[in-house]
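Each chain is listed here by its residues.
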Amino acid sequence: QVQLVESGGDLVQPGGSLRLSCVASGFVFRAYAMGWYRQAPGKQRELVAVIYTGGSTNYANSVKGRFTISRDNAKNTVYLQMNSLKPEDTAVYYCKRESSSPTYWGQGTQVTVSS
């Protein structure tokens, strides 16, 4: 029932921008914090950003000042605006429903930052 569908990943040049979207269904979206995670080849999946039900946010130090997480509860969608992209941002990006069990993941969307 719970579904998370990420989109918006692409190949971009260093310094470029991208906006990712995650459309959620199967639960009361507004009642949950939502997070963005990423996983690069050979690396563990890591938290990128989280947005809470009241709209407050937290970011990994590596993306602070460059990425912005937001949500539209009317659309059951969480966004990740990524600016000043670096090659080290290359990864598959996933969204997740926070503070709940079991954990649900979407299929992910590939972001590649390269010249």
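Anything mentioned here points back to the structure above.
Residues numbered from 1 in each chain as written. Predicted model: local features only at pLDDT ≥ 70, side-chain atom pairs only at ≥ 80, totals over all residues. Heavy atoms only, no water.

> Describe the overall build of the protein chain, and please don't skip the residues or the numbers.
For the protein chain, the count of helices and strands is zero helices and 10 strands. The dimensions of the protein chain, computed from C-alpha atoms along their principal axes, are 40 × 25 × 20 Å. Each of the 115 residues in the protein chain was classed as buried or not, and the buried ones make up 42%. A fraction of 53% describes how many contacts in the protein chain between residues 6 or more apart in sequence connect residues 24 or more apart. Averaging the locations of the 12 positively and 7 negatively charged side chains of the protein chain gives two centres separated by 5 Å. (Helix = DSSP H or I, 4+ residues; strand = E, 2+ residues; numbered from the N terminus. Buried < 20%, exposed > 50% of the residue type's maximum accessible area, 1.4 Å probe, protein only. Contact = heavy atoms within 4.5 Å. Lys, Arg positive; Asp, Glu negative; His and termini not counted. Charge placed at Lys NZ, Arg CZ, Asp CG, Glu CD.)

> Break down the state of the cysteines for me, citing the residues and quoting the values.
Evaluated as defined, the whole model comprises one disulfide. With a sulfur-sulfur separation of 1.8 Å, Cys22 is cross-linked through a disulfide to Cys95. One disulfide, between Cys22 and Cys95, carries an S-S torsion of 45° and so falls in the right-handed class. Here Cys22, found in strand S3 (residues 18–25), pairs with Cys95, found in strand S9 (residues 91–97); they are 73 residues apart in sequence, far enough to count as distant. Among the residues examined, Cys95 registers a relative accessible area of 0% and is labelled buried. (Disulfide = S-S within 2.5 Å.)

> Now, about the environment of Ser100: what can you tell me, with residues and values included?
In this fold, Ser100 is placed in the loop between S9 and strand S10 (109–113). Separated by 67 residues in the primary sequence, Ser100 and Ala33 place their C-alpha atoms 9.5 Å from one another. Polar contacts involving the side chain of Ser100 include one to the side chain of Arg97, which spans 2.9 Å. (Polar contact = N/O pair within 3.5 Å; in protein donor to acceptor, adjacent residues only side chain to side chain.)

> Describe the nonpolar core, naming the residues involved and giving the relevant values.
By size, the foremost hydrophobic cluster in this structure holds 27 residues, and its most contacted members are Trp36, Val78, Leu80, Met82 and Tyr93. At the level of elements, S3, strand S4 (34–39), strand S5 (46–51), strand S7 (67–72), strand S8 (77–82), S9 and S10 are the ones that each hand at least two residues to this core. If you tally residues by element for this core, the top one is S3, at four residues. Each residue touching Val78, except ones within four places of it in the same chain, is listed here: Leu20, Ser21, Cys22, Phe29, Met34, Trp36, Ile51, Ile69, Ser70, Arg71 and Cys95. (Core = buried A, V, L, I, M, F, W, Y, C linked by side-chain atoms within 4.5 Å.)

> Tell me about the pairing of S10, residues and numbers included.
Burial along S10 is one-sided: Thr109, Val111 and Val113 are buried, and none of Gln110 and Thr112, which face the opposite way, are. As judged from the three bridges shared by S9 and S10, these two strands associate in the antiparallel manner. Considered in S10, the bridge of Tyr93 is made with Thr109. (Pairing = 2+ DSSP bridges.)

> Explain the pattern of salt bridges residue by residue, including any values.
A complete count under the given rule lists four salt bridges for this structure. The partner of Glu46 in a salt bridge is Arg38, and the shortest N-O contact between them spans 2.8 Å. When its relative accessible area of 36% is taken as the criterion, Glu46 is described as partly exposed. A salt bridge links Asp89 to Arg38; its shortest N-O distance comes to 2.9 Å. Of this pair, Asp89 sits in the loop between S8 and S9 while Arg38 sits in strand S4; the two residues are 51 residues apart in sequence, bridging distant segments of the chain. Side by side, Asp89 and Arg38 carry an identical accessibility label, which is buried. A single salt-bridge network, built from bridges that share partners, covers Arg38, Glu46, Arg66 and Asp89. (Salt bridge = Lys/Arg side-chain N within 4 Å of Asp/Glu carboxyl O.)

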